Amino acid sequence: MDLLIADKDVDARNQMADLFTEAGYDVTVENSALNVLYDILKGKAEVVLLGSELDDLKAGDLVPLLKKCNRHLVIILVADDTPLPLIRKFRKEGIFYHALRPVEPEDRQEIRDVVECAFKNLLNAKPRRRPGYN
């Protein structure tokens, strides 16, 4: 399964990519909303770590759009200084989790745990095929 990291902040994108590549994930990084939409429509990602902004589009505009492209997409919003009413809106739109940007080692562990949980939930949600049935 692939993890897509979408953020306009190049340093944050690279740090997250390094963190998850070291953890054994297949990671794609994007800084363009158009590329993110393309990757999701082509099924190249099931979990997205989304920053607060891409191409001058705020996450508030991107989350509903991404969910329309793939309603099963797991979106983990990684953004600082997000007002509580906006976080509530994101939750209604279907984000999986909201995290602050990792700074300390325990922060990095939290985001790793969240991504691991997201992939486990996806695996558990997929219908299981019974032997002898197509």
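As the structure is a prediction and not an experimental result, all values here were calculated from the model.

Rules of the game
Residues numbered from 1 in each chain as written. Predicted model: local features only at pLDDT ≥ 70, side-chain atom pairs only at ≥ 80, totals over all residues. Heavy atoms only, no water. Pairing = 2+ DSSP bridges. Helix = DSSP H or I, 4+ residues; strand = E, 2+ residues; numbered from the N terminus. Axes fitted to C-alpha atoms, helices over the stretch in contact; angles between N-to-C directions. Contact = heavy atoms within 4.5 Å. Core = buried A, V, L, I, M, F, W, Y, C linked by side-chain atoms within 4.5 Å. Buried < 20%, exposed > 50% of the residue type's maximum accessible area, 1.4 Å probe, protein only.

**Regarding the sheet that holds strand β7 (residues 97–99)**
Backbone hydrogen bonds are what pair the strands of a sheet, in a parallel or an antiparallel way. With parallel pairing, five strands are arranged side by side in an open sheet as β2-β1-β3-β6-β7. Only two strands of the sheet have a single partner each, and these edge strands are β2 (26–30) and β7. Sheet twist, expressed as the mean angle between neighbouring strand axes with direction ignored, is 20°. Those strands touched by helix α5 (residues 105–125) are β1 (2–6), β3 (47–50), β6 (74–78) and β7, and its axis lies near 165° from that of β6.

**Notes on the nonpolar core**
Among the nonpolar cores identified, the biggest contains 20 residues, and L50 and L66 are the most heavily contacted of them. Counting residues per element, the ones that place at least two in this core are β1, α2 (33–41), β3, α3 (59–69) and β6. In this structure, L50 is in contact with A6, A59, L62, V63, L66, I75, I76, L77 and V78, ignoring residues within four places of it in sequence. Counting residues in each nonpolar core, the second largest holds 18 residues, with M16, L19, L49 and I111 among its members.

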